[in-house]
Amino acid sequence: MVHMCIFLSAVEETQSKVATDIQDITPPWDVPLSAKYMRSFAYPTIKDRLPVILTKVIDGLSRDKEAIAAEYGEEGREDVKRVISCLSQLKNEMVTDKYFTQLVCGDDASKWNVYWRNKTENGTMVSWYSTEWLYAETYFYRRIKEAFLLSKKLADYDPFHKQKSDCLEEALKSMDMLAKYLLKEIETHDIRWDTMNSAFQRMLKQSLWANKVDLSLSVGNHIDIGSDPLKVVDDLDDCVLVDQSKEVWVEISKSSIVKDLIIDIVLDNAGLEVMVDMCLADYLTTMYNAARVRFHCKAIPWYVSDVMEKDFLQAIERLSNHTSACQQLAAKWKDYLEQGKWTLHSELYWTLPFSYSDMKEQDPHLYSILSESSIIIFKGDLNYRKLLGDINWKYDTPFHSSLRGFNPAPIVAIRTAKADLISGLDLYVVKVAQAKKKDWLLTGDFGVIQFDGTNSKNNLENEVSSEIKRLIS
């Protein structure tokens, strides 16, 4: 296996250059985003951002090779050389727009290869600029993982670990403020509906703006959103393009009355964001008596800062050695995990190239599990792109329509905009955002909290209190 990169390189020498028809236009409406459109964010992602991320991975391995050799021995040192060779080859493939090839190892390789065969069955080969952005970008990160899988000792190595750890350390000051706020909110909670509604929306918006910290957008560089997460919520309230947090609160409130509340959170970034998501989960567990919160992590290193189970547990452990407020939360969260109120899951589907509308066919077991949920919270930009099929929808396309039949349970999408697609917007809101910032969909300065309750399992007429029915009306 360790010589597979050499073999693949020889195969690729026989390939002719892909004549991708790159067009100097914005992406047409209602088609998947692709780097073949120069005025899309996909184009600079494939041309510039991903090669920079790959270069940083290679540089990190070169920097850490002695530490790796000290831990894994001489085989580890040789592994570093082989991995760097594979990654250098990958970089060359990108800049010369080579054809994609099938994967050779990993539990998910067969799924990836079926996807590849479906793309090429009519004889049309796919490459970095010719295919859909979602496929190209996910394939990029899966190829990085493959380089490590082909090694003898480094199959489980996380090339983004240091960046995620640094992000965690930088978030501790903000987290201390949020921990104090959450503990006080729980201790002095006001059970009046209007007050609970306001408090819940505030927690949801903290989760939204924590999503600004995305290392794949910044190609691994630090992003500063300020040390006071409470002030950020107030300062940026006008930047929430769609705010359906009240509808989310109503759904959770009525679910907590009629049956056991099961919350699924499909996570995005490590560091500040995952800790804020834990605060939201704590709030729901404590204030709404959630029976279970299921956190869905990535099974492999993904998009630089995406959360793996080890990153989730590392965050709790770091908080247990921080301030008193953080220690209190960490102790409680460890108890939740031990009791099974909180559970961690790392399904492979989250790191496959499929959109979520394909889930029922491609992973019926996961779809069935999500169907048990009272509400599913999807965090961040990549989840949003997969919800929408990475299609360039007209801005005022209803959010429900853009989901294309994906409705295992009520859905919440919480995302700061860092890719040029969106749905469910009022066109006046679009004009206001465009006037404020030309690249309004790319910088993370605007966000959405969108809700689709089509598959709500609650019977409002017979089971929900008159107070909640009054609030709905």
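My aim in this report is to walk through the structure given alongside it, one point at a time. (Residues numbered from 1 in each chain as written. Predicted model: local features only at pLDDT ≥ 70, side-chain atom pairs only at ≥ 80, totals over all residues. Heavy atoms only, no water.)

### Thoughts on helix H5 (residues 133–149)
Thought 1: Taking 1.5 Å per residue, 17 residues should reach 24 Å; H5 reaches 24 Å between its end C-alpha atoms and fits that length.
Thought 2: By the criterion of burial, H5 is predominantly enclosed, with 16 of the 17 residues buried. (Helix = DSSP H or I, 4+ residues; strand = E, 2+ residues; numbered from the N terminus. Expected span 1.5 Å × (residues − 1). Buried < 20%, exposed > 50% of the residue type's maximum accessible area, 1.4 Å probe, protein only.)

### Some words on the environment of Ile265
Thought 1: Mapping Ile265 onto the fold places it in strand E2 (residues 262–266).
Thought 2: Through-space distance from the C-alpha of Ile265 to that of Leu344 is 10.0 Å; in sequence the pair is 79 residues apart.
Thought 3: Among all residues touching Ile265, those that are not within four sequence positions of it are Asp277, Ala281, Val293, Arg294, Phe295, His296, Ile377 and Lys379. (Contact = heavy atoms within 4.5 Å.)

### A look at the pattern of salt bridges
Thought 1: In total, this model carries 38 salt bridges according to the counting rule given.
Thought 2: For Lys394, the salt bridge is made with Asp30, and the minimal N-O distance between the two is 2.9 Å. With Lys394 in the loop between helix H16 (380–387) and helix H17 (399–402) and Asp30 in the loop between helix H1 (4–12) and helix H2 (42–63), this residue pair connects regions lying 364 residues apart in the sequence.
Thought 3: Across the pair Arg294 and Asp264 runs a salt bridge whose closest N-O atoms are separated by 2.8 Å. With Arg294 in strand E3 (residues 292–296) and Asp264 in strand E2, the pair connects residues that are 30 residues apart, well separated along the chain.
Thought 4: Classification of Arg294 as buried rests on a relative accessible area of 3%.
Thought 5: With relative accessibility at 0%, the residue Asp264 sits in the buried group.
Thought 6: Here the salt bridges do not stand alone but share partners, grouping Asp158, Lys164, Lys310 and Asp311 into one network. (Salt bridge = Lys/Arg side-chain N within 4 Å of Asp/Glu carboxyl O.)

### A word on the packing of helix H6 (residues 161–170) against helix H12 (residues 309–319)
Thought 1: Orientation of H6 relative to H12, taken along the N-to-C sense of each, is 35 degrees, at an axis distance of 11 Å. Crossing hand, H6 versus H12: right-handed. The residues of H12 that touch H6, namely those facing His161, Lys164, Ser165, Leu168 and Glu169, are Lys310, Asp311, Gln314, Ala315 and Arg318.
Thought 2: A breakdown of the residues in the contact of H6 with H12 according to their chemical character gives two nonpolar, three polar and five charged. (Axes fitted to C-alpha atoms, helices over the stretch in contact; angles between N-to-C directions. Left-handed = near helix turned anticlockwise from the far one by under 90°. Nonpolar A, V, L, I, M, F, W, Y, C, P; charged D, E, K, R; others polar.)

### Considerations on the packing of H5 against H16
Axes are the key here: two packed helices are described by the angle between their axes and the distance separating the axes.
Thought 1: Close contact between H5 and H16 brings their axes to 11 Å; oriented N to C, the two are set at 135 degrees. Taken as axis vectors, H5 and H16 run oblique relative to one another. Two packed elements cross with a definite hand, and for H5 against H16 that hand is left-handed. Here Trp133, Leu134, Glu137 and Thr138 of H5 come into contact with H16, specifically with Leu382, Arg385 and Lys386.
Thought 2: Taken together, the residues of the contact of H5 with H16 sort by class into three nonpolar, one polar and three charged. (Parallel < 35°, antiparallel > 145°, perpendicular 65-115°, else oblique.)

### Observations concerning the pairing of strand E5 (residues 375–379)
Thought 1: Counted residue by residue, E5 has five buried out of five residues, so it is predominantly covered.
Thought 2: Here E5 shows no split at all, with Ile375, Ile377 and Lys379 on one side and Ile376 and Phe378 on the other all buried.

By themselves, these figures tell us nothing about what the structure is for.
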